[in-house]
Amino acid sequence: MTTTPWTLTIDCARPGELARFWALALGYVEKPPPAGFANWEEWLERHGVPEEEWDDGAYLADPDGRGPSISFLKVPEDKVVKNRVHLDLRVSGGRETPWEVRWPLVTAAVARLTAAGARVVGEHDLDGRPDHVVLADPEGNEFCVL
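Note that this is a predicted model, so its numbers are computed, not measured. (Residues numbered from 1 in each chain as written. Predicted model: local features only at pLDDT ≥ 70, side-chain atom pairs only at ≥ 80, totals over all residues. Heavy atoms only, no water.)

**Concerning the sheet that holds strand β5 (residues 87-89)**
- Strand order across the open sheet formed by 4 strands is β5-β8-β7-β6, with mixed pairing between neighbours. Here the strands that pair on one side only, and so sit at the sheet edges, are β5 and β6 (119-126). Mean inter-strand twist for the sheet, computed between neighbouring axes without regard to direction, equals 25°.
- Relative to strand β8 (residues 142-145), β5 is paired through 3 bridges, and the arrangement is parallel. Looking across to β8, one finds that Asp88 is bridged to Cys144.
- Helix α1 (residues 15-26) rests against β5 and β8 of the sheet, and its axis sits at about 45° to β5. (Pairing = 2+ DSSP bridges. Helix = DSSP H or I, 4+ residues; strand = E, 2+ residues; numbered from the N terminus. Axes fitted to C-alpha atoms, helices over the stretch in contact; angles between N-to-C directions. Contact = heavy atoms within 4.5 Å.)

Right, here's the structure in full:
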């Protein structure tokens, strides 16, 4: 049995802005335009997409080709409740890494992401020490840094 290719899609109000945040957070890059097109604008023009709709979507890719692509699609409604699915950014090597090594990596990533527009939602402890931090991206989507 083979795996099914998949893409993570995030509904949002400002696709380009949110894509730039997640590119920084994940080390992703803008997805290249389809073969035969020099850039996305050329593709959009060829397919008759009105210019006022050009920021209705943004697309990221893992530069190493290992992770899934990510789509950001413009929707009219705001986010109103907690995510049922979220990303865990494993910046520290996980709990098998000694806390003294792991925690500075977590706090450095949190500082970098809050400087880019995320906000801290909460910090969670394990065995009396900080373990991971819950953040929200610029549109309020929760994710964890551990």
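Moving on, there is more to tell.
**So, a negative patch on the surface**
- On the surface, a cluster of negative charge is made up of Glu30, Glu41, Glu42, Glu45, Glu51, Glu52 and Glu53.
- Considering every element that reaches the negative patch, the biggest residue donor is helix α2 (residues 40-46), with 3 residues.
- Of note, Glu51 is situated in the loop between α2 and β3 (57-61).
- Taking relative accessible area as the criterion, Glu51 reaches 60% and is therefore assigned exposed. (Patch = residues over 30% accessible without salt bridge, like charges linked within 9 Å, V, L, I, M, F, W, Y side chains within 5 Å. Areas by Shrake-Rupley, 256 points an atom, 1.4 Å probe, with all protein chains shown as cover. Salt bridge = Lys/Arg side-chain N within 4 Å of Asp/Glu carboxyl O. Lys, Arg positive; Asp, Glu negative; His and termini not counted. Charge placed at Lys NZ, Arg CZ, Asp CG, Glu CD. Buried < 20%, exposed > 50% of the residue type's maximum accessible area, 1.4 Å probe, protein only.)

**Concerning the sheet that holds strand β4 (residues 69-74)**
- In spatial order, the strands read β1-β4-β3-β2; together these 4 strands make up an open sheet with mixed pairing. Each of the sheet's edge strands pairs with one partner strand only, and the pair in question is β1 (7-12) and β2 (29-30).

**Regarding the packing of aromatic side chains**
- Inspection of every chain in the model, using the stated rule, returns 6 aromatic pairs.
- Centroid distance Trp99 to Trp103: 6.3 Å. Interplanar angle 5°. Geometry classified as stacked. Taken together, the residues span about one helical turn, with Trp99 and Trp103 both in helix α3 (residues 99-115) at a distance of 4 residues.
- What links up through ring pairs into an aromatic cluster is the set Phe21, Trp22 and Phe143. (Phe/Tyr/Trp six-rings, centres within 6.5 Å; stacked < 30°, edge-to-face > 60°.)

**Quick word on the pairing of β4**
- Two strands pair when backbone bridges link them, and β1 and β4 are joined in this way by 6 bridges, in the parallel orientation. When the bridges of β4 are listed, Leu8 appears paired with Ile70.
- With 4 bridges connecting them, β3 and β4 associate as antiparallel partners. Among the inter-strand pairings, Gly57 is bridged to a residue of β4, identified as Leu73.

**Focus on the nonpolar core**
- Membership of the largest hydrophobic core comes to 24 residues, with the highest contact counts inside it found for Trp22, Leu60, Phe72, Leu113, Leu135, Phe143 and Val145.
- Considering every element that reaches this core, the biggest residue donor is α1, with 6 residues.
- Excluding residues within four positions of it along the chain, Leu60 makes contact with Ala19, Trp22, Ala23, Tyr28, Val29, Glu30, Lys31, Ser69, Ile70 and Phe72. (Core = buried A, V, L, I, M, F, W, Y, C linked by side-chain atoms within 4.5 Å.)

**Comments concerning the pattern of salt bridges**
- By the definition in use, this model includes 9 salt bridges.
- Linking Glu17 and Arg14 is a salt bridge whose minimum nitrogen-to-oxygen distance equals 3.2 Å.
- A relative accessible area of 37% places Glu17 in the partly exposed class.
- The class of Arg14 is partly exposed, set by a relative accessible area of 35%.
- We note a salt bridge from Arg129 to Glu100, for which the minimum N-O separation is 3.4 Å. Pair noted here: Arg129 is in strand β7 (residues 129-136) and Glu100 is in helix α3, with a separation of 29 residues, a long-range link.

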